[in-house]
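Chain and residue survey
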Amino acid sequence: MRPDPRALPRNPAFAPDAPRTVTVTFDDNALLPLLYGEHDRHLARIEQRLGVRIASRGNRATISGGAEGTGLAESVLRALWQRLEKGEVTGMADVEAALRMADGPVEDPRLPLADMPAIRTRKGAIAARSRAQGAYMDMLQRHEMVFGVGPAGTGKTYLAVAQGVALLMANQVDKIILSRPAVEAGERLGFLPGDMKEKVDPYLRPLYDALHDMMPADQVARRLVSGEIEIAPLAFMRGRTLAHAFAILDEAQNTTPAQMKMFLTRMGEGTRMVITGDPSQVDLPPGQKSGLVEALSILDGVEGIGITRFAENDVVRHPLVGRIVSAYGRAEQAAADGRAARARLKE
């Protein structure tokens, strides 16, 4: 038996409103177990998140609750049903994604829930799992330079790599260049053991992981050898002009202002650039300004540059990751408030 949603904490965004009952009818009973989940766990999660009650009987699901919650629950069930009709897998991660997509204000009216963009690679289509991801994917398609900033787990780098792979496969760019600042070694890699590849690989492993999710391993290896995919620390970008390439700078919060300007000015004909990072996770020495933070303030509003800002509720990893990010955010805000209060007392 599913837990009674009235005993569960509700999303504060859904205040009690006029009661409403909605019945949704599905035309393929064979897909219902996949829609509802094992022991109806998908329905239980929707109930808990939206503060509604869902009763299933035959090929019908009856949703009861406030007008807003029932409307959102209906949208979530229909979105999941569309996935199943297309033959796509629907698990708890997809339920969480559908809830994120239905919940909250629509920031970009050009991106209705039913028409979110997707990035198509040879391993299949990669769909948005939050409204912010949808806006970001749209920007990746329309802009030559895009900044994706926000907490870890929001898909900033993963989607950028997916877009680069899609463009490479479609012969719209000649190569993908993936770069990160090797800040832990201060960009001075000579003292580390091994050849250059062995020195920088630990810092670039997340980019390799994303690549292997988009392409077969043998293709990744072959394209790395041919130079169609290049993975290099930021220090090696100086003096180059990148033409007909898709260049990604990951962990950009750990660049200095000089390094950021250097990377941005490598842009040549037919090149697209994506810069990703989390301004709250700067690992530079104390007192050193982040090049990402500076660039965001200088370049905001510049024609041809798109900026997507992800928030804590856009984290698409395990739901616990989102709660961890939120907890750290509250702790950091409390510490900042404490410092401000002590500064006022000193005055």
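Structure's up top.
First, a word on scope: everything that follows refers to the structure included in this document. (Residues numbered from 1 in each chain as written. Predicted model: local features only at pLDDT ≥ 70, side-chain atom pairs only at ≥ 80, totals over all residues. Heavy atoms only, no water.)

Now for the packing of helix α5 (residues 131–142) against helix α6 (residues 156–169). Where α5 contacts α6, the axes come no closer than 11 Å and their chain directions differ by 35°. Judged by the twist between their axes, the crossing of α5 over α6 is right-handed. Across the interface between the two elements, Gln133, Tyr136, Met137, Leu140 and Gln141 from α5 touch Lys156, Leu159, Ala160 and Gln163 from α6. For the contact of α5 with α6, the per-class residue count stands at five nonpolar, three polar and one charged. (Axes fitted to C-alpha atoms, helices over the stretch in contact; angles between N-to-C directions. Helix = DSSP H or I, 4+ residues; strand = E, 2+ residues; numbered from the N terminus. Left-handed = near helix turned anticlockwise from the far one by under 90°. Contact = heavy atoms within 4.5 Å. Nonpolar A, V, L, I, M, F, W, Y, C, P; charged D, E, K, R; others polar.)

We now examine the pairing of strand β10 (residues 272–277). A large share of β10 lies buried, amounting to five of its six residues. Of the strand pairs in this sheet, strand β6 (residues 145–149) and β10 are connected by five bridges, and their pairing is parallel. Bridged to Val146 within β10 is Val274. In this structure, strand β9 (residues 245–249) lies alongside β10, joined through four bridges in parallel fashion. (Buried < 20%, exposed > 50% of the residue type's maximum accessible area, 1.4 Å probe, protein only. Pairing = 2+ DSSP bridges.)

Another aspect to go through is the environment of Pro151. Residue position: Pro151 is located in the loop between β6 and α6. For the pair Pro151 and Arg309, spaced 158 residues apart in the sequence, the C-alpha separation amounts to 9.3 Å. Filtering out sequence-adjacent residues up to four positions away, Pro151 remains in contact with Lys156, Asp278, Phe310, Ala311, Glu312, Val315 and Val325.

Our next topic: the sheet that holds strand β11 (residues 305–309). Neighbouring strands of a sheet are bound in pairs by backbone hydrogen bonds; such pairs are parallel or else antiparallel. Pairing is parallel across the open sheet formed by six strands, whose spatial order is β8-β7-β9-β10-β6-β11. With one partner strand each, in any of the chains shown, β8 (229–233) and β11 form the two edges of the open sheet. Each strand axis lies, on average, 15° off the axis of its neighbour in the sheet, ignoring direction. Across the sheet, α6 lies against β6, β7 (175–180), β8, β9 and β10, angled at about 170° from β9, the strand it touches most.

This brings us to the pattern of salt bridges. Scanning all chains against the criterion turns up 11 salt bridges. A salt bridge links Arg45 to Glu96, with the nearest nitrogen and oxygen atoms 2.7 Å apart. Placement of Arg45 in helix α2 (residues 41–50) and of Glu96 in helix α4 (residues 92–102) is noted, with a sequence separation of 51 residues between them. Like Arg45, the residue Glu96 is buried in the burial classification. Across the salt bridge formed by Arg142 and Asp138, the nearest N and O atoms sit 2.8 Å from each other. In this pair, Arg142 and Asp138 are both assigned in helix α5, four residues apart and thus about one turn of the helix distant. Here Arg142 falls in the partly exposed class, since its relative accessible area comes to 47%. What emerges from the salt-bridge pattern is a single network uniting Arg45, Arg49 and Glu96. (Salt bridge = Lys/Arg side-chain N within 4 Å of Asp/Glu carboxyl O.)

For α2, the buried fraction is high: eight of the 10 residues fall into the buried class. His42, Leu43, Ala44, Arg45, Ile46, Glu47, Arg49 and Leu50 are the residues of α2 that are buried. Just downstream of α2, Gly51 is the residue with a positive phi angle, here 70°.

By themselves, these are just geometric observations and shouldn't be taken as functional.
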